[in-house]
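Per-entry structural report
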Amino acid sequence: MFQTSNALRRSVHSQVTDRVGSSIVRGEIGVGETLPPEIRICEMMDVSRTVVREAIRTLTGKGLIESRPKSGTRVRPPEQWNQLDPDVLRWHLETAEIDRYLAKLFQLRAAVEPAAAALAATYAEEVDVARIRAGCDGMDAAKTNEEFVAADIAFHQAIYFATRNEFFWPIAQMFDITLRQSFTIAAPGSHRPRALREHRAVLDAIAAGDAETARTATVVLLTNSADDLVRIRGREFETPRPAKRR
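Presented here is an overview of the structure given in this document. (Residues numbered from 1 in each chain as written. Predicted model: local features only at pLDDT ≥ 70, side-chain atom pairs only at ≥ 80, totals over all residues. Heavy atoms only, no water.)

1. Brief notes about the overall build of the protein
Assigned secondary structure in the protein consists of 10 helices and two strands. Looking at the 246 residues of the protein, the share that counts as buried comes to 45%. The contacts of the protein with a sequence gap of at least 6 include a subset with a gap of at least 24, amounting to 71%. Surface exposure of the protein reaches about 12,800 Å², of which carbon and sulfur atoms provide 52%. (Helix = DSSP H or I, 4+ residues; strand = E, 2+ residues; numbered from the N terminus. Buried < 20%, exposed > 50% of the residue type's maximum accessible area, 1.4 Å probe, protein only. Contact = heavy atoms within 4.5 Å. Areas by Shrake-Rupley, 256 points an atom, 1.4 Å probe, with all protein chains shown as cover.)

2. Quick word on the packing of aromatic side chains
Following the criterion strictly, the structure yields three aromatic pairs and no others. With centroids separated by 5.2 Å and ring planes inclined at 90 degrees, the aromatic side chains of Y160 and F175 adopt a geometry described as edge-to-face. Of this pair, Y160 sits in helix α7 (residues 145-161) while F175 sits in helix α8 (residues 169-186), and the two are 15 residues apart along the sequence. As far as the burial class goes, Y160 and F175 line up, both buried. (Phe/Tyr/Trp six-rings, centres within 6.5 Å; stacked < 30°, edge-to-face > 60°.)

3. Some details on the pattern of salt bridges
Per the counting criterion, the structure on display carries 18 salt bridges. Here D87 ties to K62 by a salt bridge, and the two come within 3.0 Å at their closest N and O atoms. With D87 in helix α4 (residues 86-95) and K62 in the loop between α3 (49-61) and β1 (65-68), this pair connects stretches of sequence that are 25 residues apart. K62 matches D87 in its accessibility class, with the two residues each being buried. Between D128 and R131 there is a salt bridge, with its nearest N and O atoms 3.8 Å apart. A residue pair is termed a helical-turn pair when its members lie 3 or 4 positions apart in one helix, as D128 and R131 do in helix α6 (residues 126-141) at three residues. Exposure remark for D128: the relative accessible area of 2% places this residue in the buried category. (Salt bridge = Lys/Arg side-chain N within 4 Å of Asp/Glu carboxyl O.)

4. A closer look at the packing of helix α1 (residues 12-25) against α4
One way to put it is that α1 packs onto α4 with a least axis distance of 9 Å and a crossing angle of 55 degrees. Considering the angle they form, α1 stands oblique to α4. Judged by the sense of rotation from one axis to the other, the crossing of α1 with α4 is right-handed. Where α1 abuts α4, its residues T17, D18, G21, S22 and V25 lie against R90, W91, H92 and T95. For the contact of α1 with α4, the residue count by class is two nonpolar, five polar and two charged. (Axes fitted to C-alpha atoms, helices over the stretch in contact; angles between N-to-C directions. Parallel < 35°, antiparallel > 145°, perpendicular 65-115°, else oblique. Left-handed = near helix turned anticlockwise from the far one by under 90°. Nonpolar A, V, L, I, M, F, W, Y, C, P; charged D, E, K, R; others polar.)

5. So, the pairing of strand β2 (residues 72-75)
As defined by bridge partners, β1 adjoins β2 across four bridges and the pair is classed as antiparallel. Bridging across to β2, E66 finds its partner in R74. (Pairing = 2+ DSSP bridges.)

6. Digging into the packing of α7 against helix α9 (residues 192-207)
At a closest axis distance of 12 Å, the pairing of α7 and α9 adopts a crossing angle of 25 degrees. Between α7 and α9, the angle falls in the class roughly parallel. The two elements α7 and α9 meet at a crossing, and its hand is left-handed. Along its contact with α7, which presents N145, F148, D152, F155, H156 and I159, the element α9 presents R192, L196, H199, V202, L203 and I206. Its residues assigned to classes, the contact of α7 with α9 comprises seven nonpolar, three polar and two charged.

7. Description of the nonpolar core
Ranked by internal contacts, the top residues of the largest apolar core, which has 36 residues, are I132, F155, I159, Y160, F175, V202 and I206. With eight residues, the single largest contributor to this core is α7. The contacts of I132, once residues within four sequence positions are left out, are F155, A158, I159, A162, L203 and I206. Core analysis: the second largest hydrophobic core is formed by 21 residues, C42, V52, I56 and W81 among them. (Core = buried A, V, L, I, M, F, W, Y, C linked by side-chain atoms within 4.5 Å.)

Rendered as structure tokens:
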């Protein structure tokens, strides 16, 4: 319980939050179960009560736990967690089986991103189109896979922001965490010239204000992106099943 995450050298409060939060996401403390008493967590992690209390407040804000008088601090059901919170996303990513994770990610993108592109074509302002174009141009000019991935993420984020609909923006904000892994897997592939053409087609449709063409071009882009990952990884994604209650 409360294993140390391997790439974190942050403040003590952040480390405690990370260790307790990742333990919850891993299922080491089940839904409805109570966290160890505050003093016990202090002893386990060799930290002060002030640090533990701040970590508890942070995890409460992320929706993972709730504290009630006389019943302690309990883990809430996953459907009540803030699943788009960057830390929660990272904890899931650290524990998820990669193919199932990628399949769920593509389910979300297939459901939302074509609509986002259509809205961007309808409502994007010049600055929005310029950001999308910058992402596309950055992919074209990239000299390394890292540069290509960064530009690709920026391209897709810019589309969501260009909807001018704040309910789409949290999806864009999570992409730096969730898409980096799938884009990094796909970046070295021989499909890059075709992918660049498909990104440019989405850009051109949004710039022209053609919502239906933007929607269709995005479906083509996402379908081929999923196929590229299947080919590169050498197997089909497992169809994800609904998450079980812990």
